[in-house]
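So the chains spell out like this:
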Amino acid sequence: MTARQLAKDPFNLIITGVGGQGNVTISLIIGNALVRDGYLVTIGETYGASQRGGAVMSHMRISKVAQYSPFIPDGCADVILGMEPAETLRMLGRYGNPNVLTIVNPRPIYSIDVTGGQAQYPDLNTLIDSVKKLSAKTWIINATEEAKKMGDPVFANAILIGAVIGSNVLPLNKKLTESILREILPREIKPNLRAFNTGIKLAQQ
Amino acid sequence: MAKIDIEAPGTSQLFIGNEAIARGALEAGIGFAAAYPGTPSSEILGSLASVAKESNIYVEWSVNEKVAVEAAAGASFAGIRAIAAMKQNGINVASDFLANLVMSGIGKGGLVVVSCDDPAAISSTNEQDTRPIAKWLDVPLVEPGDFQEAKDMIRWLFELSEEIGTVCMLRSVTRIAHARGNVKLGELPKKAKKAHFDQVHDLRNVMPTTFMPIPSPLRHFFQHIKIDKVRDKFELSPFNSYTGPDKPELLIVTCGSCWLYSQDAVKTLGVEDKVGILKLGTLWPLPEKFVEKHLDRSQKILFVEEIDPFLEQSIMELVANLKPAAPFPMFYGKRSGHINAYGELNPDMVIKAISTILGLTYQPRDTDYDSKASTLAKNYVPERSITFCAGCPHRATFWAIKNALKLDGRDGLVTGDIGCYSMALGPAGFFQVRTLHCMGAGTGVASGLGKLGQFGFNQPVLAVVGDSTFYHAAIPALINGIYNKSDFVLVILDNGATAMTGFQPHPGTGVTAIGEPAKVVSMEDLCRSLGARVEVCDPFDLKNTTATLLDMMNQSDGARVVIMRRPCELVRSKREKALYRVYINAEKCIGDACGCDRLCTRVFLCPGLTWDNETKKSKIDEVICTGCGVCADICPQEAIIKEEATA
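The structure displayed is predicted, hence computed values, not measured ones. (Residues numbered from 1 in each chain as written. Chains lettered and ligands numbered in written order. Predicted model: local features only at pLDDT ≥ 70, side-chain atom pairs only at ≥ 80, totals over all residues. Heavy atoms only, no water.)

Focus on unusual backbone geometry
Rules: Put simply, DSSP marks the helices as runs of H or I at least four residues long and the strands as runs of E at least two long, and each gets a number from the N terminus on.
Omega for the peptide link from Asp9(A) to Pro10(A) comes to 5 degrees, which places this bond in the cis form. If you trace the backbone, Pro10(A) turns up in the segment before strand E1 (11-18). In this structure, the amide linkage connecting Ile214(B) to the following residue, Pro215(B), adopts the cis form with an omega of 0 degrees. Tracing the chain through its elements places Pro215(B) in the loop between strand E8 (180-184) and helix H9 (216-235). Of note in the backbone geometry, Arg598(B) takes a positive phi value of approximately 55 degrees without being a glycine. In this structure, Arg598(B) sits in the loop between strand E21 (580-584) and helix H21 (599-604).

Here it is in structure tokens:
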């Protein structure tokens, strides 16, 4: 069952990952589906230079009453959708609160600081435990691994969008999201729809 | 990119600010659009280009911003509404023409220049504020406070531009230009456009048929009269508003995205009954009567704006003029230190300023959670520096430059320029670049360094410049170097696109803004015709590229040119499969026993190369690796294997 209405207004969603993963595409698909459903949506994105392997985040403000700013105030995220585990923890550190719901893809992407030896990437279990400790509820979605089984890690994005619906964290309409997917990803629509449905199921398990 | 030409008046669409501006231009009935790409402005022209044919408009990527405004003015002189868009640095390039255009006046077609400023310089080298520039240029200026206004203001500005007969400017910032929000669409006009440069001298016609800035003092005087007329229009503008109690304890004066931050801050603190917000959309000339009316509401005034204290100073000046004898209100802002005069703002910064002034305490989350969250994030979140993409030709180029300079042994240095390759200042390009300023500056600086031989200077100088930047601003500096026999090597990084800003075509690509075939302005033919020796390299061929660079550094016949030619990997990978399948031969990789000190992961720094903590050997991340195969040529053990990719 999909949530019928916003748990609060404005509802603050953060989508986070590493430059090149598809952060902007995910926010575009979710945002368009919500606008078509009658919501006022503002999305703030860090990209540009951060496209090249840096930490990226999209702040989405969802409301029935006002056009909010493209920045979520510190400590005020309602949902964090993390495409990479360390980046998910980075967002919780600044925007988390005891009520935050977190969906996380546990596949690490190492930064050049880590491979270059200036920084340590934490043990994955410690990382996921930290995410759980800071979230009211956590959904772990093995999006990259599932996507690789489907032939291309890029399908992780559609899996994670599906997980937003399957986890029931916000009133994202399945039919509208599907039609936006068809508009934005027309060439690869079949595997993406399959990935989308996989994501819904994974989050419901 | 959203489709900006849909015929659905009244419907709400999710647009980035730049798409809203482009839609506004379509609704205003423009015929001509010109721009040079620059973050955060590029999508204005990009989205217009994507609908140019169907909308019967002309859209071009101009060679630089000055030419873009000049071309747009040409359209205006012939009666066609025209828009030119650029980032804040572009205004500097265009300002010489703009300063004269203001005095000559425009033609019958309205002319709007858009500057997208980049507070905090997220994708820039500086964070200059366009608003004071509009003031010294004598150009009317507006700034949208949200996405709807970004569209609506453009239409309104074209009408103003034609009515007054002056170029007008719209300033946007990254958090409007690149943020997305709801935009309710208006109608698209169906009127046919006819261009003609009217040369008939008719004394009764107030519109000039000769466009020139002289006699200057008289023209300047006339422009001030126009600005006064604009001020009258601004007094009644729908883009200025006040919301809040009749007599607030604190009055916020704000504009642009700071308006959204101010509203967020007031709501988050729950101080709607104490704090009022005066939002200005028309910034220069200041609508003085409108502002004066609202200033009387409070004795405490807080200015919330990015970057310079533009409204702060304009309004303090106004108050000083209005009330020489009355007690001044308390002004809070950049001068008082409550708001930063650098970097970008956000709702938290406004929350802090309001809390300080009103003596409130604000805590967004409980202390236990806060300390737990901060500690876990601090302990377990690694740094994530930006770098060249996996498979980027620039990494190979700077590897070759690094080795060539070392082999040359004369302490050679590299001057830098604007593009993805600016990252060569840092670890991505092995810290090879020593200077970074504006478009084309690397070549100009090199041409100066290359003339210091008479003072004992004997370090080889390499100037690196991207292909698009070369056409934009490096050509005059190269000519300077050739003419004056300056001793340097210009290294053009030709990846076949304006990559940093979104892969826009340029004069070397053979494609126009709307995807039609264009004449290729060959950079090697151009450089050779200037008299420079030119060599073309494939940077993925590290051995030959290094040898060519060494050879060129040893010449001394004035400025010479090396072209590094390889397409941007993000462009190439969209149309072709990977070149190689790359993997580690675990028997050959001997880990830390090698003595290379993990050259592949610690020095070469491609994000596709990682270290396996279990096997203690190098590892390819198959999700990231794009199969360029360059790392196979740097491994001293030949443990990185590249195999021709099959299908």
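Here the narrative resumes, following the displayed structure.
Description of the domain arrangement of chain B
Heads up, the rule is: Each domain's extent was defined by an automatic or database domain assignment.
Each assigned domain of chain B is listed with its residue range as follows: domain 1 (12-235), domain 2 (241-358), domain 3 (393-569) and domain 4 (580-644). For domain 2 of chain B versus domain 4 of chain B, the distance between C-alpha centres works out to 56 Å.

A short note on helix H6 (residues 130-137) of chain B
An α-helical turn contains 3.6 residues, so a residue and the one three or four places further along point in the same direction. Residues and elements named next belong to chain B. The condition that has to hold: Relative accessible area decides the class of each residue, using a 1.4 Å probe on protein chains only: under 20% of the type maximum gives buried, over 50% gives exposed, and in between gives partly exposed. The directions considered for the arc run from the helix axis to the C-beta atoms. In this analysis, two residues are considered to be in contact whenever any of their non-hydrogen atoms come within 4.5 Å of each other.
Of all the positions in H6, only Thr130, Arg131, Ile133, Ala134 and Leu137 are classed as buried. Projected down its long axis, H6 shows its buried positions confined to an angular sector of 160 degrees, all on one face. On the buried face of H6, the contacting elements are helix H5 (88-104), strand E5 (111-117), strand E6 (141-142), strand E7 (168-173), strand E12 (282-284) and helix H12 (310-322). Phi for aspartate 138, located one or two positions after H6, is positive at around 65 degrees.

A closer look at a nonpolar patch on the surface
Test applied: Two joining distances apply to patches: 9 Å for like charges and 5 Å for nonpolar side chains (Val, Leu, Ile, Met, Phe, Trp, Tyr), and every residue must have over 30% relative accessible area and no salt bridge. Only the protein chains shown count as cover for residues, and all accessible areas are computed by the Shrake-Rupley method using a 1.4 Å probe. Here, a salt bridge means any side-chain nitrogen of Lys or Arg that lies within 4 Å of a carboxyl oxygen of Asp or Glu.
The grouping of Leu218(B), Phe221(B), Phe222(B) and Ile225(B) at the surface amounts to a nonpolar patch, some 370 Å² of accessible area in total. The partly exposed category is assigned to Ile225(B), whose relative accessible area is 35%.

A look at the sheet that holds E6(B)
All names here are of chain B. Keep this limit in mind: Two strands are counted as paired when DSSP detects at least two bridges linking them. The angle between two axes is taken between their N-to-C directions and runs from 0 to 180 degrees, where each axis is a line fitted to C-alpha atoms and a helix contributes only its stretch in contact.
Taking strand neighbours across the sheet as the criterion, the seven strands line up as E3-E2-E4-E5-E7-E6-E12 in an open arrangement whose pairing is mixed. Of all the strands in the sheet, just strand E3 (58-61) and E12 have a single pairing partner and so form its edges. In the sheet, strand E2 (residues 32-35) pairs with E3 via four bridges, with the strands oriented parallel. Its bridge partner being in E3, alanine 34 is matched across the sheet by glutamate 60. Across the sheet, helix H4 (residues 65-77) lies against E2, E3, strand E4 (82-87) and E5, angled at about 170 degrees from E4, the strand it touches most.

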